[in-house]
Each structure stands twice: as structure tokens, then as C-alpha cells.
Amino acid sequence: MRVHRWPPAVEPDELGAIVHGPVVLARSPGVVAALRCVFAHTGGLSLPFVLRAEGVQAEAANRQSTSHRLALEDIGPGTFSEPRVVVRVGEAEGLADASQATSSGGDDAYDLDANFWIDALPTDGRIVVTVSWVQAGLAESRTELRLRPWTGDDVLRLL
């Protein structure tokens, strides 16, 4: 199987077409990950992602996600982690990097909003999303999504 990494990217100047509604991807005690929807664009897919945690999982998520504020020389193995999102489109599967991400939280709550850009369109109308964040208590879960059919005419353009 070919491994592919979808790097962060700026979405094109179009609104896209909604091809899948909200869906919970993974749920463990105290933590949940979901997609707000899936947007199809002429050149790929946009996946607005949310993760919410509370209690002990919020503490773990805050601890893991704030490690990036350490000085570069102080960061070592195990000092930082983030949700792991892998997307398969056809035969291409890869780790998705967030093109936009914001997080906030305290001792009792943690919120993450991110957007993943996938520069491929499924020929069969299906994508598979696997998400986990073991360090924050979210077990790995795999979800197959069947996208609503769309055409280039369905994609709303800004200009």
C-alpha cells in the first residue's frame, strides 16, 4: 500500500459542495472526535474536524498539546502529541496535517478545531477516516464515509 502524506494547504477560492453531513468518528470516555461535514472542491476535499475532551482526558490533551510551547531544545520523544488522522481515498492513504487548527482548554475542558485538506477526489464516492489520540485517551476508530454524489457544477465558486 502506498503511504501518502496530505500536507496542510490553502483551500481554493470556492465554497465547495457539502457531500457529507456531521459524523462522530471516534468516542472514548471523556473524549470525542468528529467531522462537521465534508466539502468537495474541484481539486480535493476539505474536512472540518473537531475534538472535545473533558475531565482527565482534557488534562491529558492540554498537557500533550501545550508541549509545543517548550523551547525547541527541550522537546524530546514523548513531550508532544496531537490527534492522529489518517485518510484513505481510493488506494492512497496518508496522514493528514491540519491546514488550520486552534485549540483551547483548561483543567476541565479541551477543544480543538482543525481543517484537513485532501488533494484527491474519490472515484467510488468513499473515503475512510481513521482517528486516534491514545495519549489523551481516544482509542483508534475507523469510519468509512459514503459521500453524496456531486459534479463540478455543484461546487459554489466565490469569484
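Predicted, not measured: the structure shown is a model, and the values here were computed from it.

Right, let's talk about the overall build of the chain for a bit. Summing up its helical and strand segments, the chain has one helix and 13 strands in all. A separation of at least 24 residues holds for 62% of the contacts in the chain among residues at least 6 apart in sequence. Total accessible area on the chain stands at roughly 8800 Å², and carbon and sulfur atoms take up 53% of it.

Turning to the pairing of strand E12 (residues 138-146), a few remarks are in order. Consecutive side chains along a regular strand alternate between the two faces of the sheet. Examined bridge by bridge, strand E11 (residues 126-133) and E12 share seven bridges and lie antiparallel to one another. Paired with Val 129 across the bridge in E12 is Thr 143. Between the antiparallel neighbours E11 and E12 lie four residues, among them Gly 137 with a positive phi of about 90°.

Summed over the entire model, instances satisfying the criterion amount to two aromatic pairs. Summarising the aromatic geometry, the rings of Phe 49 and Phe 116 are spaced 5.5 Å apart at their centres and angled 65° between planes, so their arrangement reads as edge-to-face. Of the two residues, Phe 49 sits in strand E6 (residues 44-54) while Phe 116 sits in strand E10 (residues 109-118), which places them 67 residues apart along the sequence. Since its relative accessible area comes to 6%, Phe 116 is described here as buried.

There is a patch of like negative charges on the surface, built from Glu 54, Glu 59, Asp 107 and Asp 108. Judged by its relative accessible area of 54%, Glu 54 is exposed.

Mapped onto the elements, Ser 46 comes out in strand E6. There is a polar contact of 3.1 Å between the side chain of Ser 46 and the side chain of Asn 115. Beyond its immediate chain neighbours, meaning those up to four positions away, Ser 46 contacts Glu 11, Cys 37, Val 38, Phe 39, His 41, Asn 115, Phe 116 and Trp 117.

Right, let's get into the environment of Leu 47. One can find Leu 47 in strand E6. Excluding its chain neighbours within four sequence positions, the residues that come into contact with Leu 47 are Leu 35, Cys 37, Val 38, Val 87, Ala 114, Asn 115, Phe 116, Ile 118 and Ile 127.

Further remarks concern helix H1 (residues 56-65). What H1 keeps buried is the set Ala 58, Ala 60, Ala 61, Asn 62, Gln 64 and Ser 65. Looking at the buried positions of H1, the neighbouring elements they touch are E6, strand E9 (98-105), E10 and E11.

Criteria and cut-off values
- Residues numbered from 1 in each chain as written.
- Predicted model: local features only at pLDDT ≥ 70, side-chain atom pairs only at ≥ 80, totals over all residues.
- Heavy atoms only, no water.
- Helix = DSSP H or I, 4+ residues; strand = E, 2+ residues; numbered from the N terminus.
- Contact = heavy atoms within 4.5 Å.
- Areas by Shrake-Rupley, 256 points an atom, 1.4 Å probe, with all protein chains shown as cover.
- Pairing = 2+ DSSP bridges.
- Phe/Tyr/Trp six-rings, centres within 6.5 Å; stacked < 30°, edge-to-face > 60°.
- Buried < 20%, exposed > 50% of the residue type's maximum accessible area, 1.4 Å probe, protein only.
- Patch = residues over 30% accessible without salt bridge, like charges linked within 9 Å, V, L, I, M, F, W, Y side chains within 5 Å.
- Salt bridge = Lys/Arg side-chain N within 4 Å of Asp/Glu carboxyl O.
- Lys, Arg positive; Asp, Glu negative; His and termini not counted.
- Charge placed at Lys NZ, Arg CZ, Asp CG, Glu CD.
- Polar contact = N/O pair within 3.5 Å; in protein donor to acceptor, adjacent residues only side chain to side chain.

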